[in-house]
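Each chain, letter by letter, is given below.
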Amino acid sequence: MNKAALFEQIQKKKSFLCVGLDTDPSKIPAHLLDTEDPIFEFNKAIIDATKDYCVAYKPNIAFYEALGVKGWESLQKTLDYIPSEIFTIADAKRGDIGNTSKMYAKAFFESMNFDSITVAPYMGEDSVTPFLEFDNKWVILLAATSNKGGLDFQYQKIENGQMVFEKVLEKSLEWGNEKNLMYVVGATRADFLEKVRKIVPNSFLLVPGVGAQGGSLEEVAKYGMNDTCGLLVNSSRGIIYASNSEDFAEVASAEAKKLQEQMAVMLEKYS
Ligand SMILES: O=c1ccn([C@@H]2O[C@H](COP(=O)(O)O)[C@@H](O)[C@H]2O)c(=O)[nH]1
């Protein structure tokens, strides 16, 4: 999917919501556990219930690979079930020496046909560029992550006074551009969004960390939105586990709708 098509969806749905499919068998409502593929049944119900309110789905690959072959099957079925106009993100956080990154790219872009994949920048150019060789596919580079451990490296200052995440953003522009690169910036790091926007004013940002991690949607929109929205704000647990009983899909739908309604207001106000 290209940038224009993504923005068209955002305008049509008045939403920049990404629903995170971090599907954990220990949190699936009991009545689904007797089915042949509880993970897929859960995801299917969540997708049916939220697809009108979101523009992206982000399966977190760890939750699927933890289950072995069955997990990969559930992931493929989930991906096939997502409506084609909705952007898909493999949250896999990959990146390795060049020939290995190429295989990761083939796995997620060719075998599985995701629109995008999250990539760790730590191993540098040859670990990232193999993912950029695919038409109409996106790399979402980890820049300023939402977790506490992000402070260990990403916010350290280097000689020129820049923080490491600023260097990552700047360097990445030698490899790609706003048509094939997005960046992860945690909602818990909204105070850095102005710095981010100075370096990548027109790029899309994937923003996890609202809801369960406590980030503010309003702050993210205020400092991060650009004239093509430029944001995909993710919520996983806050939507998919809002209820753990038979009404889980209904409650997930209500949570997604609530976020979409707030986003509609913010699109009017800030974009
Ligand atoms: O900096 C990052 C990068 C990725 N994530 C991922 O996003 C979701 C957040 O889930 P919530 O339940 O909405 O907190 C999850 O898949 C993380 O692995 C992140 O949180 N922060």
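Residues numbered from 1 in each chain as written. Predicted model: local features only at pLDDT ≥ 70, side-chain atom pairs only at ≥ 80, totals over all residues.

1. What to know about the sheet that holds strand β8 (residues 231–235)
Part 1 of the argument: Around the barrel, which closes on itself, the eight strands sit in the order β1-β2-β3-β4-β5-β6-β7-β8 with parallel pairing between neighbours. Strand-to-strand twist in this sheet, taken as the mean axis angle between neighbours without regard to direction, amounts to 30 degrees.
Part 2 of the argument: The pairing of strand β2 (residues 56–59) with strand β3 (residues 87–94) spans two bridges and is classified as parallel. Counted as the bridge partner of Y57 is T88 from β3.
Part 3 of the argument: Against the sheet, helix α8 (residues 164–172) engages β5 (138–144) and β6 (181–185), with an angle of about 155 degrees to β5.
Part 4 of the argument: Packing against the sheet, helix α12 (residues 248–270) makes contact with β1 (17–21) and β8, and its axis sits at approximately 155 degrees to β1. (Pairing = 2+ DSSP bridges. Helix = DSSP H or I, 4+ residues; strand = E, 2+ residues; numbered from the N terminus. Axes fitted to C-alpha atoms, helices over the stretch in contact; angles between N-to-C directions. Contact = placed C-beta atoms within 7 Å.)

2. Side note on the environment of A249
Part 1 of the argument: Mapped onto the secondary structure, A249 falls in helix α12.
Part 2 of the argument: Sequence separation between A249 and Y53 is 196 residues; the distance between their C-alpha atoms is 13 Å.
Part 3 of the argument: Ignoring any residue separated from it by four or fewer positions in sequence, one finds A249 in contact with A45, I46, D48 and A49.

3. Details of the site of the ligand
Part 1 of the argument: Taken together, 19 residues surround the ligand, and among them T145, S146, P208, S236 and R237 come closest.
Part 2 of the argument: Of all the secondary structure elements, the ones that give two or more residues to the shell around the ligand are β8 and α11 (237–240).
Part 3 of the argument: Of the residues assigned to the shell around the ligand, the class counts are three nonpolar, 13 polar and three charged. (Near = placed C-beta within 6 Å. Nonpolar A, V, L, I, M, F, W, Y, C, P; charged D, E, K, R; others polar.)

4. Quick look at the UniProt feature "active site" (unreviewed entry) in the protein chain
Part 1 of the argument: Feature annotation in UniProt places "active site" (unreviewed entry) on K93, given in this structure's numbering.
Part 2 of the argument: Counting through the fold element by element, K93 comes out in strand β3.
Part 3 of the argument: Apart from residues no more than four positions distant in its own chain, K93 is found in contact with T118, A120 and L142. (UniProt positions renumbered as here; feature names shortened; annotations may be inferred.)

5. A short note on the nonpolar core
Part 1 of the argument: Counting residues in hydrophobic clusters, the biggest one holds 81 residues, and the most contacted among them are L17, I140, L141, A143 and V233.
Part 2 of the argument: What A143 contacts, discounting residues up to four positions off in sequence, is F165, V168, L169, Y183, V184, V185 and V196. (Core = buried A, V, L, I, M, F, W, Y, C linked by C-beta atoms within 7 Å. Buried ≥ 20, exposed ≤ 12 C-beta atoms within 10 Å, placed from the backbone.)

6. Description of the environment of S243
Part 1 of the argument: Take S243: it is sitting in the loop between α11 and α12.
Part 2 of the argument: Residue S243 is classed as partly exposed on the basis of its C-beta count, with 15 C-beta atoms lying within 10 Å.
Part 3 of the argument: Counting along the chain gives 216 residues from S243 to K27, while the straight-line C-alpha distance between them is 9.7 Å.
Part 4 of the argument: Ignoring sequence-local partners within four residues, the contact set of S243 consists of F248 and V251.

7. Comments concerning the UniProt feature "domain: Orotidine 5'-phosphate decarboxylase" (unreviewed entry) in the protein chain
Part 1 of the argument: This chain's UniProt record puts "domain: Orotidine 5'-phosphate decarboxylase" (unreviewed entry) on residues 16–252.
Part 2 of the argument: Annotation note: span residues 16–252, helix share 36%, strand share 17%, distance between end C-alpha atoms 16 Å.

8. Looking at helix α5 (residues 98–111)
Part 1 of the argument: Taking 1.5 Å per residue as the helical rise, α5 with its 14 residues ought to reach 20 Å, and the 19 Å between its terminal C-alpha atoms agrees with that figure.
Part 2 of the argument: For α5, the complete set of buried residues consists of S101, A105, F108 and F109.
Part 3 of the argument: Where α5 is buried, its residues meet β3, β4 (116–119) and α6 (125–128). (Expected span 1.5 Å × (residues − 1).)

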